[in-house]
Amino acid sequence: MMPLEGIRVLDLSRLAPGPFCTMLLGDLGADVLLVEAPADALPSGGARPALAGEDEGAERAAAFNALGRNKRSIVLNLRHEEGRRIFYRLAETADVVLEGFRPGVVTRLAVDYQTLREINPRIVYCSLSGYGQDGPYSGLVGHDINYISIGGALGIIGSPDGPPAIPFNIIADFAAGGLHAAYAILAALLARERTGRGQYLDIAMSDGVIYLLALPFMQYFASGRPLRPGAEMLNGGAPFYNVYETKDGRWLSIGSLEPHFYANLCRALGREDFVPLQGDTSRWDELSTFLREAFREKTRDEWFDLLRQTDVCVAPVYGLDEAAEDAHNRHRGMVLEIDHPTLGKVRQVGIGTKFSETPGAVRSLAPRPGQHTDEVLAALGHDRAQIDTLRRLGAIS
C-alpha cells in the first residue's frame, strides 16, 4: 500500500510546475491521468516529442522524464463537445483536477471548478499559475525568473556589487509552484475527509516565493532594513557561511553559523585565536582573507575528508554528475535505476519522502502522449466502434 493509493488525479498541466506536482502525487501512489491536447492544438513552438518508435531521441527523452513517471496519458480535444463529455465522465470519479493555464482558459473550455463541482462536489480543483487568479498581475505571462523577481528572492541573491545571480528554476517553478501545490492538494484532501466537500485552490508561484521567504521578510519587518545581496549572514556576507575555492579549482561550502561549529572550524585550521572574530563584523574581511588562503592549500575532497571528522558544517560543492555518484545520495535512494524495454537501465531521481509503512515507488515510466486513450475510454464503457468514431471526429487522438 502507498499513501495516496486510490486517489485519482486528472492533470491538465503542461509546463514543469504542474507535472512536478503530479509526479510527487504519483510517486506516493495516486493514479495520475495526463489529459493532453492533440498535437495540432498545441501552441506554436510547443510541439510535443514524437511517439516512441518514430524518433529514438524522443523515446530516450521520455524514458528519462521523471516528471512523467507513474502517469497514464489520454489525448483529449477539450474544444470538442465529445471531448469535454469524456472529461466530465472522468471527473465524476476523480479526486483532484490540476490545471496550469493562464486565468480564464479553463472557463472558456468549460472545464473550470464551477462546472466540475456540479458534476462532483467532492472534487479538489487546483489552479497553478504565475500570479494567481486575481490581482493586478494575474494576466501577466511569466516564468521562474519573473516570479522570484516579484517575490523578492532574486533581489537578495548575488554579490553586493554585481547583478543578481539567476538560480536554476527551482525556487518558483518547483518549490513555490509544484511542491506548494502538492502540499495544498493533500491538505484539501484531508479537509474533505472532515467536511465531505472538495474545494478550489488558487496557487500562485509569486505567492509561494514570498511564502518561502518567511525568514528574510521576518528580518525586514522587524528591522525595517531590506536585505542586500551578498551582504547578509545567509547569502554570502558572513565568512563562516560561504564558499571557498580549493587547490584543485573546485569549491567547498562552509556553514558554521553556531559558535561551537565556528570554533571547531578555527581549531581545525590551526587558528584558535580567530574564535572571537565571529561576532566582530569589523574583522570579517580579515577572516575572509585567511579562509580564502587556507582553503587553497588542499583539494576540495581533502578538506571535506578532514573537516567532516571535526564536527564542522562542511560539504563539497557538487555538479549534478558528482551529486548523482555521491555515496550518501546513493545510500538514501536518491538515484534510481529503472528497467526500460529497449534502453536497458535508465536513471532518474529517487523519491525524497521516506515512509516507514507506506513507501512510494516508481511504478511506470513516462507514457507516450495518448498511450492510454483507448484503455481509459474502454473503462468508461466505450466499445471499439465508438472509440474509432471519436477519433474520426477529432474528439480524441
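Residues numbered from 1 in each chain as written. Predicted model: local features only at pLDDT ≥ 70, side-chain atom pairs only at ≥ 80, totals over all residues. Heavy atoms only, no water.

**Quick look at the packing of helix α7 (residues 170–195) against helix α8 (residues 205–212)**
When two helices pack together, their arrangement is given by the angle between their axes and by how far apart the axes lie.
Right, so step 1: Contact geometry of α7 with α8 gives a least axis separation of 8 Å together with a crossing angle of 95°. Taken together, the axes of α7 and α8 are roughly perpendicular relative to one another. In this structure, α7 contributes Ile171, Ala172, Asp173, Ala175, Ala176, Gly177, His180 and Tyr183 to the contact, and α8 contributes Met205, Gly208, Val209, Tyr211 and Leu212.
Right, so step 2: For the contact of α7 with α8, the class distribution of residues is 9 nonpolar, 3 polar and 1 charged. (Axes fitted to C-alpha atoms, helices over the stretch in contact; angles between N-to-C directions. Helix = DSSP H or I, 4+ residues; strand = E, 2+ residues; numbered from the N terminus. Parallel < 35°, antiparallel > 145°, perpendicular 65-115°, else oblique. Contact = heavy atoms within 4.5 Å. Nonpolar A, V, L, I, M, F, W, Y, C, P; charged D, E, K, R; others polar.)

**Quick notes on helix α11 (residues 284–295)**
Right, so step 1: Under the 1.5 Å per step criterion, the end-to-end length of α11 is 16 Å for 12 residues, consistent within 8% with the ideal 16 Å.
Right, so step 2: Turning to α11, its buried residues number three or more, namely Trp284, Leu287, Ser288, Phe290, Leu291, Ala294 and Phe295. End-on, the buried residues of α11 take up no more than an arc of 165°, which puts them together on one face.
Right, so step 3: On the buried face of α11, the contacting elements are β7 (241–245), β8 (251–255), α10 (259–268) and α12 (300–307). (Expected span 1.5 Å × (residues − 1). Buried < 20%, exposed > 50% of the residue type's maximum accessible area, 1.4 Å probe, protein only. Arc of directions from axis to C-beta.)

**Some details on the side chain of Glu99**
Right, so step 1: Take Glu99: it is sitting in strand β4 (residues 96–99).
Right, so step 2: No salt bridge forms around the buried Glu99; measuring N to O, its nearest opposite-charge neighbour Arg14 is 9.1 Å away.
Right, so step 3: A distance of 2.6 Å separates the side chain of Glu99 from the side chain of Ser127, its partner in a polar contact.
Right, so step 4: Excluding anything up to four places from it in sequence, Glu99 contacts Leu12, Ser13, Val106, Tyr125, Cys126, Ser127 and Leu128. (Lys, Arg positive; Asp, Glu negative; His and termini not counted. Salt bridge = Lys/Arg side-chain N within 4 Å of Asp/Glu carboxyl O. Polar contact = N/O pair within 3.5 Å; in protein donor to acceptor, adjacent residues only side chain to side chain.)

**Some words on the environment of Glu59**
Right, so step 1: With respect to the element layout, Glu59 can be found in helix α2 (residues 56–63).
Right, so step 2: Judged by its relative accessible area of 19%, Glu59 is buried.
Right, so step 3: C-alpha separation for the pair Glu59 and Ala214, spaced 155 residues apart in sequence, amounts to 42 Å.
Right, so step 4: There is a polar contact of 2.8 Å between the side chain of Glu59 and the side chain of Thr342.

**Focus on the sheet that holds strand β9 (residues 314–316)**
Right, so step 1: One open sheet accounts for 3 strands, arranged β7-β8-β9; its pairing is antiparallel. If you trace the sheet from one side to the other, it starts and ends with β7 and β9, each paired once. Sheet twist, expressed as the mean angle between neighbouring strand axes with direction ignored, is 20°.
Right, so step 2: Strand direction decides the pairing type here: β8 and β9, joined by 3 bridges, are antiparallel. (Pairing = 2+ DSSP bridges.)

**With respect to the confidence of the model for the protein**
Right, so step 1: Averaged over every residue, the pLDDT of the protein is 94; the share at 70 or more is 96%.
Right, so step 2: The model gives residues 44–54 a pLDDT under 50, and that stretch makes 15 contacts with residues more than four places away or in other chains. (pLDDT = per-residue confidence, 0-100.)

**Brief notes about the pattern of salt bridges**
Right, so step 1: Using the criterion set out here, one finds 23 salt bridges in the structure.
Right, so step 2: Across the pair Arg225 and Glu232 runs a salt bridge, and its minimum N-O distance is 3.1 Å.
Right, so step 3: By relative accessible area, Arg225 is classed as partly exposed at 40%.
Right, so step 4: A salt bridge links Asp388 to Arg384, with the shortest nitrogen-to-oxygen separation between them at 3.2 Å. Separated by 4 residues within a single helix, Asp388 and Arg384 lie in helix α16 (residues 384–393), roughly one turn from each other.
Right, so step 5: Residue classification places Asp388 among the partly exposed positions, given a relative accessible area of 36%.
Right, so step 6: Judged by relative accessible area, Arg384 falls into the partly exposed class, the value being 44%.
Right, so step 7: Sharing partners across several salt bridges, the network here consists of Asp248, Arg250, Arg300, Asp301 and Glu322.

**Concerning the pairing of strand β3 (residues 71–75)**
Right, so step 1: Of all 5 residues that make up β3, 4 are buried, and the element is covered over most of its length.
Right, so step 2: Pairing of strand β2 (residues 31–36) with β3, which is carried by 5 bridges, proceeds in the parallel orientation. Across the sheet, Leu33 pairs through a bridge with Arg72, a residue of β3.

**A look at the pairing of strand β11 (residues 344–349)**
Right, so step 1: Here strand β10 (residues 335–340) pairs with β11 via 6 bridges, running antiparallel. Among the inter-strand pairings, Ile338 is bridged to a residue of β11, identified as Val346.
Right, so step 2: Adjacent in sequence and paired antiparallel, β10 and β11 are bridged by 3 residues.

**So, α8**
Right, so step 1: Along α8, the positions that sit buried rather than exposed are Met205, Ser206, Gly208 and Val209. The buried residues of α8 occupy one face: seen down the axis, they fall within an arc of 160°.
Right, so step 2: In this structure, the buried side of α8 is in contact with α1 (17–27), β5 (124–129), α6 (144–151), α7 and β6 (199–204).

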